[in-house]
Every structure is written in structure tokens, then in C-alpha cells.
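Next come the chains, spelled out residue by residue.
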Amino acid sequence: MSGIRIRNGGALTTIQDRGRYGAMAMGFGPSGVMDYKAFRKANALLGNKENEAVLEATLLGPEIEFMEDNCFVLTGADMGATLNGEPVSRYQAVSAAKGSILKLGFAVCGVRAYIAFAGGIKVPEVMGSASTSRKYGLGGLEGRGLIPGDQLPFKCPKKKLRHMERRKITPPDFSGKEWEIRVILGLQSEYFTEEGIKTFFSTPYTVRSESDRMGYRMDGEPVACRETVDIISDGTVGGAIQIPADGKPIILMADRQTTGGYAKLGAVITSDLSLLAQAAPGKRIYFRQVPVEEAQRLLIEEDNRYKRLERRINRWL
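Residues numbered from 1 in each chain as written. Predicted model: local features only at pLDDT ≥ 70, side-chain atom pairs only at ≥ 80, totals over all residues. Heavy atoms only, no water.

**Looking at the environment of Gly 238**
Then, number 1: Positionally, Gly 238 belongs in the loop between strand E15 (230-235) and strand E16 (240-242).
Then, number 2: Sequence-wise, Gly 238 and Leu 273 are 35 residues apart; in three dimensions their C-alpha atoms are separated by 8.1 Å.
Then, number 3: Contact partners of Gly 238, with chain neighbours within four places excluded, come to Leu 252, Arg 256, Val 268 and Leu 273. (Helix = DSSP H or I, 4+ residues; strand = E, 2+ residues; numbered from the N terminus. Contact = heavy atoms within 4.5 Å.)

Right, here's the structure in full:
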């Protein structure tokens, strides 16, 4: 068997790509990576196609044995990774020989780490995506997290990549005690009082320990509503900020439900969702309102930065 063998699956390691879109009308949420920026950069540094599936590790990473030579990149959270006992840098292409052991520990900075392999891993697609959805039991490897003994073949492994020493970028810093997350107000903001909206944007919230891939639950001052937050269930989007009856915000993430019956104050802008995905329980968050035009500008700028990185890498191939 070629590819990799899982020696230890860590706390939760799943196979993810961008996500499973176009199936929400049938009741299937998108799943996909939580930190899209980390995912995109990992594949770019290896010269992979943008949507090649990767491994997403949460809080405690896996231990992996290479069954054949290949190159890989680690992005996202710092989990103190080692290759055959030697430290491995994040956001840098690394070559691993057959028999090498890659080991990730507890996250010391951030929550989710990503492991991408040159040429990608061979995983069947379900409804157009290789992403694991444990809720529906589909995608990835039998719709579950990886466990000891699992083996994943490579598509097109590469022992060496051209200009290996230049395939690196500066890792993001997830160490700040307080983060600012930008938000666009939504049409259902009319369900909340002016004082409630002011509270949301002026007081700190902390990430609760119950937060997961489905939603980030926030602790802090309740957001006051006018009469009720109950609505006729409607469709959800990534980053939507639901306010349940207790007034404590819930931010919908990759494994979110397809519809929801709580009024939504607004949504976290796409450019900040990746950062929020790296917020550990207890992280203090301040929300700042921005207009939709600023959210669009930030997204365009981010996409242009990625394309410049991709063009730079492709010139070396």
C-alpha cells in the first residue's frame, strides 16, 4: 500500500476540501475546511490544484507514517510537529522519505492544523466533494474521523519539488489574547433592540468550550430582542450569527445545519471566518460592524494575494 498510514488519529482528524456545495436543498450541509486560508495556501505551496483534499487536525494532531516518498506542507495551528523527531516548520514545503514519521502534538497556537501532500490524496468524491461529514456519515473515509490503521493512497507523489527552499511564507500569528472579528448586519437585525445591537458591538465575548465545526457558541452579555427571536426556519450561510432565546450568539460554521429557526443578527465576513476557526475556547472576541462594500473589498484583496502566490509558485514548476 502506498501513501500514508495513520498511527494515531489525534483528537479529530478528518479529510476535507473546500466543501460540498449545491446539496443544501436536499438537506446536506457543505462541510469542508474550517480555515479556508490555511487550506488554500497549503495547496499553493505544493503546486497542487486549489481544491485538493487535505487532512484537518483539531486541537491534538495525528501521527502519520509515510509509506512512500512525498512532499507535504503544514498550515494553520502550531501543533509542534516533528518529522522523525526533528521540528517541522509550518507554511513551508518539506520532503519525507518512505518510513518517515510525522507527528503533531497539542495545539499551542490556534486550533486547527492542515496537512497537504504533493499531488494530493486519492479519496472518492461524494456529491462533488471529498469532505468528511460526520453528521451525515459521508465523504472522506467512511464519513468519520481517521483512526489507527487507516491508509490513504497518494494520487501523484513527488519526492522533490523545484525550488523547495523558496516554497515558504510567513505563518500567521494566532497568539493574541483578543481578536477583532468583522460583521455585516443582516435583514433580521430588526428583531433586536438598538441597545441589544449596541451590546453586541461594544462588549467582549468569549468562545465557549461547546464550540465545534457546526457552530461557535459565544459567552457574554445577552443580545436583547424586541419581542421574540423565533422565526420561520430559513436557509443558513457560513458565519451567520444566530441569537437564540438566551441572547448568547451562535456563529454557524462549516458543518452547520441547512436551515435555522432563530433570527440572525448578521454574519461574520468571509475574510474573518478563517481566523475565527482558529479561536480556542476562552479566546476573547470583539465584533466590529463593517459595510458590505468593505467585506467585498477585503475578499477581493485576499483572492488577489492568493493568485499572486499561486503564480509565483507555478513559475517554478
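**Overview of the pairing of strand E14 (residues 215-219)**
Then, number 1: Here strand E13 (residues 205-207) runs beside E14; their pairing, made up of two bridges, is antiparallel. Looking at E14, one finds that Val 207 is bridged to Met 218.
Then, number 2: As paired strands, E14 and strand E17 (residues 250-252) are joined by three bridges and run antiparallel to one another. Counted as the bridge partner of Arg 217 is Ile 250 from E17. (Pairing = 2+ DSSP bridges.)

**A closer look at the sheet that holds strand E1 (residues 4-8)**
Sheet strands pair by backbone hydrogen bonding; their relative direction is either parallel or antiparallel.
Then, number 1: In spatial order, the strands read E7-E6-E9-E4-E1-E11; together these six strands make up an open sheet with antiparallel pairing. Both outer strands of the open sheet, strand E7 (86-87) and strand E11 (151-152), are each paired with one neighbouring strand and no more.
Then, number 2: Sheet topology note: the strand E6 (residues 82-83)/E7 ladder contains two bridges and is antiparallel. By the bridge assignment for E7, Leu 83 is matched with Glu 86.

**Digging into the packing of aromatic side chains**
Then, number 1: Summed over the entire model, instances satisfying the criterion amount to 11 aromatic pairs.
Then, number 2: Look at Phe 200 and Phe 287: their rings are 4.5 Å apart centre to centre, the planes differ by 15 degrees, and that puts the pair in the stacked class. One end of the pair, Phe 200, is in helix H2 (residues 194-202); the other, Phe 287, is in strand E20 (residues 284-289), and 87 residues separate them in sequence. Considered together, Phe 200 and Phe 287 belong to a single accessibility category, that of buried residues.
Then, number 3: An aromatic cluster is defined as three or more aromatic residues linked by ring pairs; in this entry it consists of Phe 66, Phe 72, Phe 117 and Phe 154. (Phe/Tyr/Trp six-rings, centres within 6.5 Å; stacked < 30°, edge-to-face > 60°. Buried < 20%, exposed > 50% of the residue type's maximum accessible area, 1.4 Å probe, protein only.)

**Focus: the sheet that holds strand E8 (residues 94-96)**
Then, number 1: Strand order in the open sheet formed by five strands is E2-E3-E10-E5-E8, with antiparallel pairing between adjacent strands. Two strands lie at the open edges of the sheet, namely strand E2 (13-16) and E8, each paired on one side alone. Within this sheet the neighbouring strands show an average axis-to-axis angle of 30 degrees, counted without direction.
Then, number 2: The sheet contact formed by strand E5 (residues 70-78) and strand E10 (residues 109-117) spans six bridges and is antiparallel. Its bridge partner being in E10, Val 73 is matched across the sheet by Ala 116. (Axes fitted to C-alpha atoms, helices over the stretch in contact; angles between N-to-C directions.)

**Quick word on the pattern of salt bridges**
Then, number 1: This structure, assessed with the given rule, holds 19 salt bridges.
Then, number 2: One salt bridge connects Glu 65 with Arg 5, and the closest N-O pair in it is separated by 2.6 Å. Of the two residues, Glu 65 is situated in strand E4 (residues 63-66) and Arg 5 in strand E1; the sequence distance between them amounts to 60 residues.
Then, number 3: Accessibility expressed as a relative area gives 16% for Glu 65, which makes it buried.
Then, number 4: Between Arg 7 and Glu 63 there is a salt bridge, with its nearest N and O atoms 2.8 Å apart. Of this pair, Arg 7 sits in strand E1 while Glu 63 sits in strand E4, and the two are 56 residues apart along the sequence.
Then, number 5: Here Glu 63 falls in the buried class, since its relative accessible area comes to 16%.
Then, number 6: Each of the salt bridges in this network shares a partner with another, and the network as a whole consists of Arg 40, Glu 50, Asp 303 and Lys 307. (Salt bridge = Lys/Arg side-chain N within 4 Å of Asp/Glu carboxyl O.)

**Structural notes on the side chain of Thr 203**
Then, number 1: The residue Thr 203 is located in the loop between H2 and E13 in this model.
Then, number 2: Exposure remark for Thr 203: the relative accessible area of 18% places this residue in the buried category.
Then, number 3: Only 2.7 Å separates the side chain of Thr 203 from the backbone oxygen of Thr 199, close enough to count as a polar contact.
Then, number 4: Those residues within four positions of Thr 203 in sequence are excluded, and the remaining contacts are Glu 221, Ile 285 and Tyr 286. (Polar contact = N/O pair within 3.5 Å; in protein donor to acceptor, adjacent residues only side chain to side chain.)

**Observations concerning the side chain of Asn 70**
Then, number 1: On the secondary structure map, Asn 70 appears in strand E5.
Then, number 2: Within polar-contact distance, the side chain of Asn 70 engages the backbone oxygen of Ala 118 at 3.2 Å.
Then, number 3: Apart from residues no more than four positions distant in its own chain, Asn 70 is found in contact with Val 94, Ser 95, Ala 96, Phe 117, Ala 118, Phe 154, Pro 157 and Lys 158.

Any functional reading would require information that these geometric values do not contain.
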